[in-house]
Amino acid sequence: MLEEQYTLQVPVAPGGAPVFGHLFRFARDRANFLQDIRSAGDIVEMRLGRRSFYVLNAPESIHDVLVVQSRKFSKGMLFDRVRPFMGNGIATSDGAFHLRQRRALQPAFHRKHIAHYSEMFADIAHRHVSRWTGGHVIEMDREMRKLAISMMVPTLFPSDRNSATGQTIEGMGEHISGNLGVLVQGVLRATILPPALAAVPTPGRRRFLNSATALRRLADAAVKQARSDPEGHGVLALMLAYGEGDSGGMSDLEARDELLTFLVAGIETTSTTLSWALHVLARNQDMADRMSEEARAADPVDITPAALPYTSRFIQEVLRMHQPLWFMGRRALEEVRIGQYELPRGAEVVYSAATLHRDPVYFPEPMRFDPDRWLRQPEKSLPRSTYIPFGSGNRKCIGDGFACPELLAALSAITKKWHLHADPDRTVRTVADAQIHPSSLPISLTPRH
């Protein structure tokens, strides 16, 4: 009788084609495709050519994989494809090595360091937005990447700008932006396409490989410079110091991989989230005014949810409605039972926080942007793994405590100084490539008085 409680055959997502399965539809409109198949079941099989992926739609199933049975899963195929270009950092590593790297990084995210970083973010954001001029249209998606870089780089390795380290890092910041965009797009291509097609030496592929090489060289230079600087006290220095005296600390290669992980994951997700936030604010002046008033009333260096409660709820809502990562994955290390279904060893399992966060079962009127929904429905009241902007379990993003002060500092600085105006003649489309981001974001500025 017990065995009859379980269904062995996972339902296949509708709309598949012979041979190619759902590959073309997924490649053409992946975010909407994942949204559409939520109604097909708690777990749905998606076929991309000959390869099957098991899409988790129910929070209970996601929680089972990420938390309850996490030891039965590795990072999976998606990260196998990323690893040659991003290295074996905390985002891509597995097992004992992942645990060691997480322990090495943990001190950098202690609350005493976060408080120090928050003050840096506030100062950097204020100086950055003060350089803008009113009456001009700014492509804010590009500008937010610059701002994210300007906050991230000196936090990783703060240094006197006139020192050798400072000059190396300043030069690194200037070169990151263009290479980062090309790298992220290339990683997406390497992830989705079969290996033989992904390796075809197209001009885009060559640009991708050149950018990946350039970023690795920049990261190598930063690690080398940090090794020679005994005064270093940023995230990179804390990484390098871990284990000194017994295991010898991180190697240069390990530090390089972690640095690349921070640059790719931290900068891109932060800049994309900020872009969506400004997209909303430029179309909702009452929200922008409320945020501005809150920022003006708060202590300029107190960048916390307690000091900026409305801005904090606004960020929660941006991460709900505009979650930048459209799906993540795991691989079953053994046969595993999830809910009603048995998945085979080696099964590739994926989930989409972006579609989960728009499920009306858990978020009434999901397409209505409403920061105050978090007053009526606090995050703690939701079922486990229903709201997971930074993941969950032992692989939850280690930088979540780092990202929130960045977002708070940036939005407070912008709304305190500027009115934002959307271009009425430009349509902002949602694009799902490496992340779900706005197609472009032209916004004009007028100063607040």
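Please read all numbers here as calculations on a predicted model, not as lab measurements.

Caption draft 1: Main features of the pattern of salt bridges. According to the stated counting rule, one finds 21 salt bridges in the structure shown. Residues E45 and R47 are paired through a salt bridge, measuring 3.1 Å at the closest nitrogen-oxygen approach. For D289, the salt bridge is made with R448, and the minimal N-O distance between the two is 3.1 Å. Here D289 is found in helix α12 (residues 285–297), whereas its partner R448 is found in the segment after β12 (442–447), with 159 residues between them in sequence.

Caption draft 2: Structural detail: the sheet that holds strand β4 (residues 137–139). Spatially, 3 strands are ordered β4-β12-β9 in an open sheet, and the strand pairing comes out antiparallel. Since the sheet does not close on itself, it has two edges, and those belong to β4 and β9 (418–422), each with one partner. Between one strand axis and the next, the sheet turns through 40° on average, direction left out of account. Examined bridge by bridge, β4 and β12 share 3 bridges and lie antiparallel to one another. The residue bridging E139 from the neighbouring strand is P442, located in β12.

Caption draft 3: Spatial organisation of the nonpolar core. Of all hydrophobic cores here, the largest spans 122 residues; its most connected members are L278 and F314. If one sorts the elements of this core by residue count, helix α11 (residues 252–281) sits on top with 12 residues. Residues contacting F314, with those up to four places away along its chain left out, are A277, V280, L281, M287, M291, F369, P371 and L411.

Caption draft 4: Inspection of the environment of E60 at higher detail. The topology assignment puts E60 in helix α2 (residues 59–68). For E60, a relative accessible area of 52% translates into the label exposed. C-alpha separation for the pair E60 and I338, spaced 278 residues apart in sequence, amounts to 9.0 Å.

Caption draft 5: Representation of helix α1 (residues 23–36). With 14 residues, α1 ought to run about 20 Å at 1.5 Å a step, yet its terminal C-alpha atoms sit only 15 Å apart, falling short of that. Roughly 115° is the biggest bend found in α1, and it falls at D29. Residues of α1 that are buried: L23, F26, R30, A31, F33 and L34.

Caption draft 6: Representation of the packing of aromatic side chains within the structure. Applying the stated rule across the entire model yields 12 aromatic pairs. Through pairs of rings, three or more aromatic residues link up here, namely F109, Y117, F121, F262 and F402. K417 extends its terminal NZ or CZ atom over the ring of W418, reaching a point 5.7 Å from the ring centre.

Caption draft 7: Highlighting the sheet that holds strand β8 (residues 348–351). Ordered by their spatial adjacency, 5 strands build an open sheet running β1-β2-β8-β5-β3, and the pairing between neighbours is mixed. Two strands close off the open sheet at either side, each with one partner strand: β1 (43–48) and β3 (73–74). Bridge count for β1 against strand β2 (residues 51–56) is 6 bridges, and the pairing is antiparallel. Bridging from a neighbouring strand, I43 pairs with L56 of β2.

Caption draft 8: Spotlight on unusual backbone geometry. Positive phi outside glycine occurs at V19, with the angle close to 70°. As for its placement among the helices and strands, V19 is situated in the segment before α1. Classification of V19 as exposed rests on a relative accessible area of 66%. Residue S385 is not a glycine yet carries a positive backbone phi of 60°. Within the fold, S385 resides in the loop between α15 (373–376) and α16 (400–417).

Caption draft 9: Just the confidence of the model for the protein, in detail. Residues of the protein with pLDDT of at least 70 account for 85%, and the chain-wide mean is 85. When mean pLDDT is compared element by element in the protein, helix α13 (residues 309–321) scores highest at 98, while helix α7 (residues 164–192) scores lowest at 58.

Caption draft 10: Spotlight on the packing of helix α6 (residues 140–156) against α11. Direction vectors running N to C along α6 and α11 enclose 140°, while the axes themselves pass 8 Å from each other. The orientation of α6 with respect to α11, classified from their angle, is oblique. Relative to α11, α6 is oriented so that their crossing is right-handed. Between α6 and α11, the contacting residues are M140, D141, M144, R145, L147, A148, I149, M152 and L156 on the first element and L259, F262, L263, G266, I267, E268, T270, S271, L274, S275 and L278 on the second. Classifying every residue of the contact of α6 with α11 by side-chain character gives 13 nonpolar, 4 polar and 3 charged.

Caption draft 11: Expanded view of the packing of α11 against α13. The geometry of α11 relative to α13 is characterised by a closest axis approach of 10 Å and an angle of 110° between their N-to-C directions. Between α11 and α13, the interaxial angle falls into the category roughly perpendicular. Of the residues in α13, those touching α11 at T273, W276, A277, V280 and L281 are F314, V318 and L319. In the contact of α11 with α13, the residues fall into 7 nonpolar, 1 polar and no charged.

Caption draft 12: Inspection of the environment of V82 at higher detail. Structurally, the position occupied by V82 is in helix α3 (residues 77–86). Take V82: its relative accessible area is 8%, and that puts it in the buried class. With 10 residues separating them along the chain, V82 and T92 place their C-alpha atoms 7.6 Å apart.

What counts, and where the lines are drawn
Residues numbered from 1 in each chain as written. Predicted model: local features only at pLDDT ≥ 70, side-chain atom pairs only at ≥ 80, totals over all residues. Heavy atoms only, no water. Salt bridge = Lys/Arg side-chain N within 4 Å of Asp/Glu carboxyl O. Helix = DSSP H or I, 4+ residues; strand = E, 2+ residues; numbered from the N terminus. Pairing = 2+ DSSP bridges. Axes fitted to C-alpha atoms, helices over the stretch in contact; angles between N-to-C directions. Core = buried A, V, L, I, M, F, W, Y, C linked by side-chain atoms within 4.5 Å. Buried < 20%, exposed > 50% of the residue type's maximum accessible area, 1.4 Å probe, protein only. Contact = heavy atoms within 4.5 Å. Expected span 1.5 Å × (residues − 1). Bend = angle between axes of the 7 residues up to and from the residue. Phe/Tyr/Trp six-rings, centres within 6.5 Å; stacked < 30°, edge-to-face > 60°. Lys NZ or Arg CZ within 6 Å of the ring centre and 35° of its normal. pLDDT = per-residue confidence, 0-100. Parallel < 35°, antiparallel > 145°, perpendicular 65-115°, else oblique. Left-handed = near helix turned anticlockwise from the far one by under 90°. Nonpolar A, V, L, I, M, F, W, Y, C, P; charged D, E, K, R; others polar.

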